[in-house]
Amino acid sequence: MSTTTRTRPRTARNRAAHAPRVDWSLVPRGPVSATVQGALALAALGVVGDVTHLDPLVGVAAGTVGTVGTVVAGAHRDLSTAPLLYRVGCWIGAGSWWTYTLATTVWAQPVWAALGVGALASGVLSPLGRATARRRTPAVVPGTALVTRNVAAIGTDWEARIQRVCSVRVEVTNVIVWPTRAGYDVHLTLPGGGVTRKHLQDRAEALATDACLPEGCGVEFVGGGNRRLVIARVNTVNRLSQVIAYPADHSPRSVLEPVVFGEYSNSDLVGAVVREESMLVSGKRGSGKTTLLQDISVALGRCADHLVWHLDLNGGGLTQPWIDVWLDGKVTRCPIDWAAPNAEEGKLMLASGITIAKHRKASYRKLKRAHDTSLLPVSPQLPQITIVVDEGAQAVQDRQLEALLGELQNIGRNEAVNVIISSLRPTSDLVPTNMRRQTGVRIQMYGPDEDELGHMFGWHLGIAMDQLAGKGTGFISVDGAQPRPFRAYNITPSQIEAAALAIAGLRPDLDEASAQAAGPAYATRLERMRAVFAAMADDFDDEDGDVDGGGPAPVACLPSGPSTGSAAPVAAAVVPRPRFEVLSGGAAADWPDLTTPAQPPAAPAATGTAADWPDLMALPTTPSGLSGAPVTAPSAPAVEQPLPEIVRRTIAAFGAAERMHSETLAALLGLEQADLPGLLAPLGIRPLPRAFLVSGKHKRGYALADVLAAADRIHRGEVQVPPQVAAWPAA
Ligand SMILES: Nc1ncnc2c1ncn2[C@@H]1O[C@H](COP(=O)(O)OP(=O)(O)OP(=O)(O)O)[C@@H](O)[C@H]1O
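Conventions we followed
As a convention, each chain's residues are numbered from 1 in the sequence order in which they are written. The predicted nature of this model means local features are confined to residues of pLDDT at least 70 and side-chain atom pairs, given and counted, to a pLDDT of 80 or more, with totals for whole chains, interfaces and linings taken over all residues. At least two bridges found by DSSP between two strands are what make those strands a pair. Helix and strand definitions here come from DSSP, where helices need a minimum of 4 consecutive H or I residues and strands a minimum of 2 consecutive E residues; each element is numbered from the N-terminal end. Axis definition: a line fitted to C-alpha atoms, over the contacting stretch in the case of helices. Angles run 0 to 180 degrees between N-to-C directions. UniProt positions are given in the numbering used here, feature names are shortened, and annotations may be inferred rather than shown by experiment. Buried residues are those with 20 or more other C-beta atoms within 10 Å of their own C-beta, exposed residues have 12 or fewer, and partly exposed residues lie in between; C-beta atoms are placed from the backbone. By the criterion used throughout, residues are in contact when their C-beta atoms, derived from the backbone, lie within 7 Å. The criterion for a residue being near a molecule or strand is simple: its C-beta atom, placed using the backbone, must lie within 6 Å of it. Under this grouping Gly is polar, as are all residues other than the nonpolar Ala, Val, Leu, Ile, Met, Phe, Trp, Tyr, Cys and Pro and the charged Asp, Glu, Lys and Arg.

Novice: I'm lost on the sheet that holds strand 7 (residues 269–272) in this one. Help?
Specialist: On the basis of which strands lie adjacent, the open sheet formed by ten strands has the order 7-6-15-14-13-8-12-11-9-10 and mixed pairing. Each end of this open sheet is capped by a strand with a single partner; those strands are strand 7 and strand 10 (338–340). Ignoring which end each strand starts from, the neighbouring axes of this sheet average 25° apart. As paired elements, strand 9 (residues 306–312) and strand 11 (residues 384–390) share seven bridges and run parallel to each other. Bridge pairing links histidine 310 to valine 388 in strand 11.

Novice: Explanation requested: the UniProt feature "binding site: ATP" (unreviewed entry) in the chain in the structure shown.
Specialist: According to UniProt, the "binding site: ATP" (unreviewed entry) feature falls on Gly283, Lys284, Arg285, Gly286, Ser287, Gly288, Lys289 and Thr290. By the secondary structure assignment, glycine 286 is in the loop between strand 8 (279–282) and helix 9 (289–301). By C-beta crowding, glycine 286 is classed as exposed, having 11 other C-beta atoms within 10 Å. Inspection of the secondary structure assignment puts threonine 290 in helix 9. Filtering out sequence-adjacent residues up to four positions away, threonine 290 remains in contact with Asn314, Gly317, Leu318 and Asp390.

Novice: Can you walk me through the site of the ligand in this structure?
Specialist: Around the ligand, a shell composed of 15 residues is seen, among which Gly288, Thr290, Thr291, Gly472 and Asn490 lie nearest. At three residues, helix 9 tops the list of elements feeding residues into the shell around the ligand. Each residue belonging to the shell around the ligand can be placed in one class, and the counts come to three nonpolar, nine polar and three charged.

See below:
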């Protein structure tokens with residue numbers, strides 16, 4: 001009972017609230033009611049005027065006031081022409097009819113017939129009277145060459161297109177043509193009522209199709225200042241299909257900014273910040289790797305807080321144009337701080353890089369504290385070093401070079417000693433898996449083999465080589481982001497020379513502490529570079545000359561005190577062969593400091609011979625009891641055995657995973673699960689003894705460590721690959 005009493009008032013209130021309301025207002029609800037109401041009101045006025053004998057001038061005045069008021073209000077509301085004419089027409093018609101009835105009589109058949117015809121006409125034409133805002137001409141930004149009429153047409157086109165495709169009435173306020181003329185920005189204001197930028201972005205594909213944009217072009221929507229202001233970036237020319245010349249700009253920059261080396265298809269600049277991230281560039285012969293490394297060398301050379309070192313095992317093609325300006329005496333400082341054209345010099349360079357990184361860790365603690373940062377603060381006084389390695393595949397075939405490269409990549413990030421490596425393929429036989437995994441900026445250049453994309457970026461990313469446009473184009477992924485197609489700048493030898501001349505004067509010197517840490521190997525590099533590259537240039541000039549792909553034999557010159565890069569003539573002599581070997585099972589970090597001679601080198605006499613030159617790479621006696629005598633590596637086959645395709649693809653399929661269920665692995669390899677053991681077991685790769693949990697499923701599978709260990713054994717020739725496994729996937 002009490003419950004009933006409590007609930008009744010609430011129920012009654014609700015009923016009252018939800019009961020249909022009767023609308024007594026005289027506001028018209030559509031064209032018919034508006035016409036009928038208007039006609040009745042006018043008839044009433046006619047009768048009242050007749051009965052009260054109103055002066056006809058009252059009718060004239062009412063019509064005039066209504067007409068003028070309509071025009072003024074229409075201008076204020078920015079009404080377009082059609083509704084304005086309709087409304088003015090209605091006022092003139094009504095005013096004339098009333099004036100006539102006041103002047104004669106309302107009680108005549110033709111008078112009522114005229115009212116009926118007028119009301120019918122206004123009802124039929126009422127759609128014309130609907131209020132629509134006049135289309136404003138978008139402003140043209142000064143300096144854009146497009147004529148106003150074209151810009152206005154683009155703006156009104158896009159207003160209509162967005163209305164048509166997205167059912168959103170936007171207002172175009174501006175159109176700006178890109179300086180590259182490869183597209184334009186349309187500045188829009190979204191209507192109120194909850195329409196968001198994403199609403200338009202979701203229909204971007206449909207809008208691009210509606211706009212009939214060329215293949216490879218599209219539209220994207222970005223913020224324009226606040227949530228209702230949007231910029232539609234419309235790309236009308238596919239930059240991938242054009243050769244883009246290097247923009248000759250040698251103004252100083254910082255390595256803390258992105259190094260820019262090309263353009264995306266929509267003309268946005270492609271770049272990456274390489275202060276901490278290393279880079280891997282892969283592509284078949286002639287795909288444009290060296291050109292891209294030249295772009296990167298120029299971009300890095302422009303950084304006033306950065307030094308470029310080249311490790312060029314590709315016959316000097318990358319380095320020679322940079323060194324020539326110095327060899328020819330056009331500049332007194334070499335634009336490239338250190339260049340190594342062969343593996344021996346490369347080992348000196350990488351060992352020095354490792355020593356510098358280790359030394360910086362200790363010697364710049366105070367500086368980091370002063371800057372309140374754990375990351376070494378680079379500056380023109382303390383520059384970053386980036387070692388650009390052309391033809392990394394040759395580097396990793398030398399196990400010492402491979403170990404040094406891997407070690408430097410592992411330890412050099414914080415201390416600003418970085419690496420950029422190019423390789424013919426991104427597969428583990430040419431780029432060690434860990435090296436690829438440690439690389440933040442990955443680039444795969446165009447080639448006919450789709451698999452390369454999977455090896456480089458991972459599988460099933462929805463990208464394909466046919467999205468590219470041949471030499472000089474590729475995919476780039478920064479920090480694991482979805483790979484995007486881009487085109488690298490095409491840089492010519494004369495442009496490299498111009499850049500080299502500018503950079504020779506711009507680049508900093510290595511900081512004193514790092515130079516001292518690197519020791520004589522660094523101090524005497526320029527003499528060796530002069531001798532080696534001059535010899536290579538002679539070889540190139542000599543038509544009968546036979547240039548060794550691995551570079552000429554290493555040559556050293558007598559150190560002449562601290563190196564200044566000056567062009568003093570030097571006596572060339574053969575560098576004593578470095579006496580170090582890879583320690584069995586040890587990382588390069590465990591090695592003794594390779595660049596420190598056993599004894600501090602005595603200052604050699606200027607007229608000394610090569611015999612007087614200290615052995616730069618002699619191992620010191622280490623506290624761990626290792627003697628200074630060379631430590632020999634376990635015997636390895638002279639030529640590394642190639643990995644079978646099944647192992648390469650298995651490593652790639654693992655991606656970042658440590659363990660993988662057999663079912664998943666088989667699916668990624670395009671195999672039946674039952675076929676896996678037949679291909680992997682003969683290579684010593686077996687499933688883990690116990691099931692493990694991945695994505696909520698408890699199943700058996702493989703460990704990446706086992707696959708990598710097997711790959712190592714195959715490399716060393718310890719495992720014979722059965723023919724049916726070697727033949728896969730053809731078999
Ligand atoms: N960005 C580019 N735009 C236009 N053409 C390019 C571009 N990059 C390279 N090319 C063309 O491709 C040719 C080969 O380029 P490059 O020498 O850089 O390739 P690569 O991959 O380093 O070859 P290799 O491995 O044989 O040294 C160049 O001579 C040039 O004609």
